[in-house]
Amino acid sequence: MSAILTEARNLLERVQPDEAGPRRVGRLAAYDGLMLEATGFKRPVGSGARIITADNHVTRAEVVGFRGERTLLMALDAEAAYAHGARIEPDASGSMVEVGPGLLGRVVDGLGQPLDGLGPIASVDKWPLAGRQGNPLARDRVTEIFDTGVRAVNSLLTAGVGQRIAIVAGSGVGKSVLMGQMIAGADADVIVVGLIGERSREVSDFLATKLPPEVRRKAVVVAVPADHAPLLRLRAAMRATAIAEDFRARGLRVLLLVDSLTRVAHAQREIGLSLGEPPTVKGYPPSALGLIPRLVERAGADAETGGSITALYTVLADGDDTSDPIVDAARAIVDGHIILSRSLAEQGVYPAIDIGRSLSRVMADIVGPDHAIAAAALRRLWSAFEENRDLILMGAYAAGGDPLIDEAIIRRPEILDFLRQAPGERAPFEESIAALTGMFSHE
């Protein structure tokens, strides 16, 4: 039934006029696996297109550039049966996203088609895929605490409503587990999740283990696995952000999670290199690094509607290298970053948050003085131990040499126990702060 409805929708789109005046129809002249070249299709960059394949199916593409008199398009379905001379038609729906409360509880792909087998989606509105340009003065300050339900984050890296946070780690250190804990404990009206470039198994696993029924009802998931076309992966991140923007415009408190920002940058790298952009740092063209601020800056609090988007972006540090260009670009634009340590993960400390290297840029503005003093005291002990780790482990440090190091060694197990939190455990904000201040009440 859903296949019939999809086919009917495609036919309806083909007969609806996209613009006033004569209809511009082009022909496919070249195809090299990622890039298509069309003649007679003079449409601006970013415009959508429908291509009639050799087996009479309709596939979608997007205009990404020009080469002489030819228009360059990027296919959204790399496996389609394209043929030389295939008909190319305009697609006005390519730059808009279906949004609205009808998406709650649903799982869609990069084109907005349902993946959950629950039938058509009753969307009520349209929103630009690339977002709406706003006035910077309409962006509200971060002044309200956002309860994540994670003790270490609540107490030492306190998040605010409308904050953008990067979760940085190598592979297999617990980024997705930490995201799942934040989803379960987050105080949000709507949760929008973008699963970009992950394995298909991880998509189904995320839905089964990280989104319990009570959370699923207020969540929207946009999923595009790693084997899909790069443009589709890029559009999935933009679609998830657009859906979150619509809910924010309705005055709601939204939690946006994008896993992962690195896969989005990889998709833009494929597109940029196909267009002939010069590779710069570690093979990334300028467009891949420029995409990150354009995507991240769309999140935040809105002073006009009172709505907000608190965003979490996972960033994969290749080879645990936190100086990777994508990590640097993300860390420079977000309002805070959480670094996960492989060393802590190997010790069985989860979430494996490296407190010394992690930072919340809004924490000083939203927490009380007692909370700030206790957090600073724990950070001092953490830093003292980490800076002298090699001496301590080799036995080269003699007790009594430095009172701060002595205390750091004695209290190290207590601090690690404070950071540990089981995946299914929720630590409300007030309880987290009470536990932290109780540890350092004498200071």
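See the structure printed just above.
Residues numbered from 1 in each chain as written. Predicted model: local features only at pLDDT ≥ 70, side-chain atom pairs only at ≥ 80, totals over all residues. Heavy atoms only, no water.

Moving on, we get to the overall build of the chain. Along the chain, the regular secondary structure elements total 15 helices and 20 strands. Taken over C-alpha atoms, the radius of gyration comes to 24 Å for the chain, in line with the 22 Å a tight globule of 443 residues would show. Each principal axis of the C-alpha distribution contributes one length, and for the chain these read about 85 × 40 × 40 Å. Evaluated residue by residue, the chain yields a buried proportion of 53% over its 443 residues. Here the analysis covers contacts within the chain between residues at least 6 apart in sequence; of these, 73% occur between residues at least 24 apart. (Helix = DSSP H or I, 4+ residues; strand = E, 2+ residues; numbered from the N terminus. Rg over C-alpha atoms; globule rule 2.2 N^0.38 Å. Buried < 20%, exposed > 50% of the residue type's maximum accessible area, 1.4 Å probe, protein only. Contact = heavy atoms within 4.5 Å.)

A separate point is the nonpolar core. One recurring pattern in soluble globular proteins is that nonpolar side chains are buried together. Ranked by size, the top nonpolar core spans 65 residues in total, and within it L156, I191, I338, L378 and L419 carry the most contacts. Sort the elements by how many residues they give to this core and helix α12 (residues 369-387) lands first, with eight residues. Residue contacts for L419: discarding those within four places in its chain leaves A152, L156, V349, Y350, P351, I353, I355 and W382. Core analysis: the next-biggest nonpolar cluster, separate from the first, contains 57 residues, L76, L129, L234 and A288 among them. (Core = buried A, V, L, I, M, F, W, Y, C linked by side-chain atoms within 4.5 Å.)

A few words on the packing of helix α14 (residues 403-419) against helix α15 (residues 429-439). Two numbers describe how α14 lies on α15: the axes approach to 12 Å, and their chain directions differ by 175 degrees. Looking at the two axes, α14 sits roughly antiparallel to α15. Taking contact as the criterion, the partners of R411, E414, I415 and F418 in α14 are, on α15, S432, A435, L436 and M439. Looking at the contact of α14 with α15 residue by residue, the classes come out as five nonpolar, one polar and two charged. (Axes fitted to C-alpha atoms, helices over the stretch in contact; angles between N-to-C directions. Parallel < 35°, antiparallel > 145°, perpendicular 65-115°, else oblique. Nonpolar A, V, L, I, M, F, W, Y, C, P; charged D, E, K, R; others polar.)

Turning to its location among the elements, P428 is positioned in the loop between α14 and α15. Residue classification places P428 among the partly exposed positions, given a relative accessible area of 23%. For P428, the residues in contact, after removing those within four places along its chain, are D147 and N154.

Right, let's get into the packing of aromatic side chains. Going through the model one piece at a time under the given rule, you end up with one aromatic pair. Centroid distance Y31 to Y82: 5.0 Å. Interplanar angle 65 degrees. Geometry classified as edge-to-face. Of this pair, Y31 sits in strand β1 (residues 26-31) while Y82 sits in the loop between β5 (70-75) and β6 (87-91), and the two are 51 residues apart along the sequence. The ring of F418 has R151 lying over it, and the distance from NZ or CZ to the ring centre is 6.0 Å. Residue placement shows R411 over the ring face of F440; its charged tip is 4.6 Å from the ring centre. (Phe/Tyr/Trp six-rings, centres within 6.5 Å; stacked < 30°, edge-to-face > 60°. Lys NZ or Arg CZ within 6 Å of the ring centre and 35° of its normal.)

Glancing now at unusual backbone geometry. Comment: phi is negative for the bulk of residues other than glycine, and the bulk of peptide bonds are trans. The amide bond that connects D259 to the next residue, S260, takes the cis arrangement and shows omega of 10 degrees. With respect to the element layout, S260 can be found in the loop between β16 (253-259) and α7 (261-274). Cis peptide bonds are those with omega within 30 degrees of zero, and the linkage from Y350 to P351 qualifies with -5 degrees. Structurally, the position occupied by P351 is in the loop between α10 (342-346) and β20 (359-360).

A separate point is the pattern of salt bridges. For the structure on display, the rule yields 30 salt bridges. E37 is the partner of R67 in a salt bridge, and the nearest nitrogen-oxygen pair spans 2.7 Å. Of this pair, R67 sits in strand β4 (residues 58-67) while E37 is found in strand β2 (residues 35-39), placing the two residues 30 residues apart along the sequence. E37 sits in the buried class, given a relative accessible area of 14%. Between E407 and R411 there is a salt bridge whose closest N-O contact spans 3.3 Å. With a gap of four residues between them, E407 and R411 both fall in helix α14, about one helical turn apart. (Salt bridge = Lys/Arg side-chain N within 4 Å of Asp/Glu carboxyl O.)

Looking at helix α9 (residues 325-333), one finds that the buried residues are P325, I326, V327 and A330. Where the residues of α9 are buried, they touch β13 (164-169), α7, α8 (286-296) and β18 (308-316). Between the side-chain oxygen of the N-cap and the backbone nitrogen of I326 there are 3.0 Å, and the N-cap of α9 in question is D324. (Polar contact = N/O pair within 3.5 Å; in protein donor to acceptor, adjacent residues only side chain to side chain.)

On the basis of which strands lie adjacent, the closed barrel formed by six strands has the order β1-β2-β5-β4-β3-β6 and antiparallel pairing. Taken pair by pair, the neighbouring strands of this sheet meet at an average axis angle of 45 degrees, ignoring direction. One ladder, built from five bridges, connects strand β3 (residues 48-52) with β4; its direction is antiparallel. Bridged to I51 within β4 is T59. (Pairing = 2+ DSSP bridges.)

Of all six residues in strand β15 (residues 219-224), six are buried; the element is thus mostly enclosed. Residues of β15 alternate between two faces, with A219, V221 and A223 on one and V220, V222 and V224 on the opposite face, all of them buried. Taken together, the three bridges between strand β8 (residues 106-108) and β15 define a ladder with parallel strand orientation. Bridge assignment links R106 to a residue of β15, and that residue is V220. Of the strand pairs in this sheet, strand β14 (residues 190-196) and β15 are connected by six bridges, and their pairing is parallel.

Taken residue by residue, α15 has F429, S432, I433, L436 and M439 as its buried positions. Projected onto a plane normal to the axis of α15, the buried residues spread over an arc of 125 degrees and lie on a single side. In α15, the exposed positions that point more than 90 degrees away from the buried face belong to E430 and E431. Where α15 is buried, its residues contact β11 (145-146), α2 (151-156), α12 and α14. (Arc of directions from axis to C-beta.)

Before going further, it helps to examine the environment of P128. Turning to its location among the elements, P128 is positioned in strand β9 (residues 125-128). Note: C-alpha distance between P128 and A329 (201 residues apart in sequence) is 25 Å. Each residue touching P128, except ones within four places of it in the same chain, is listed here: S95, M96, A242 and R298.

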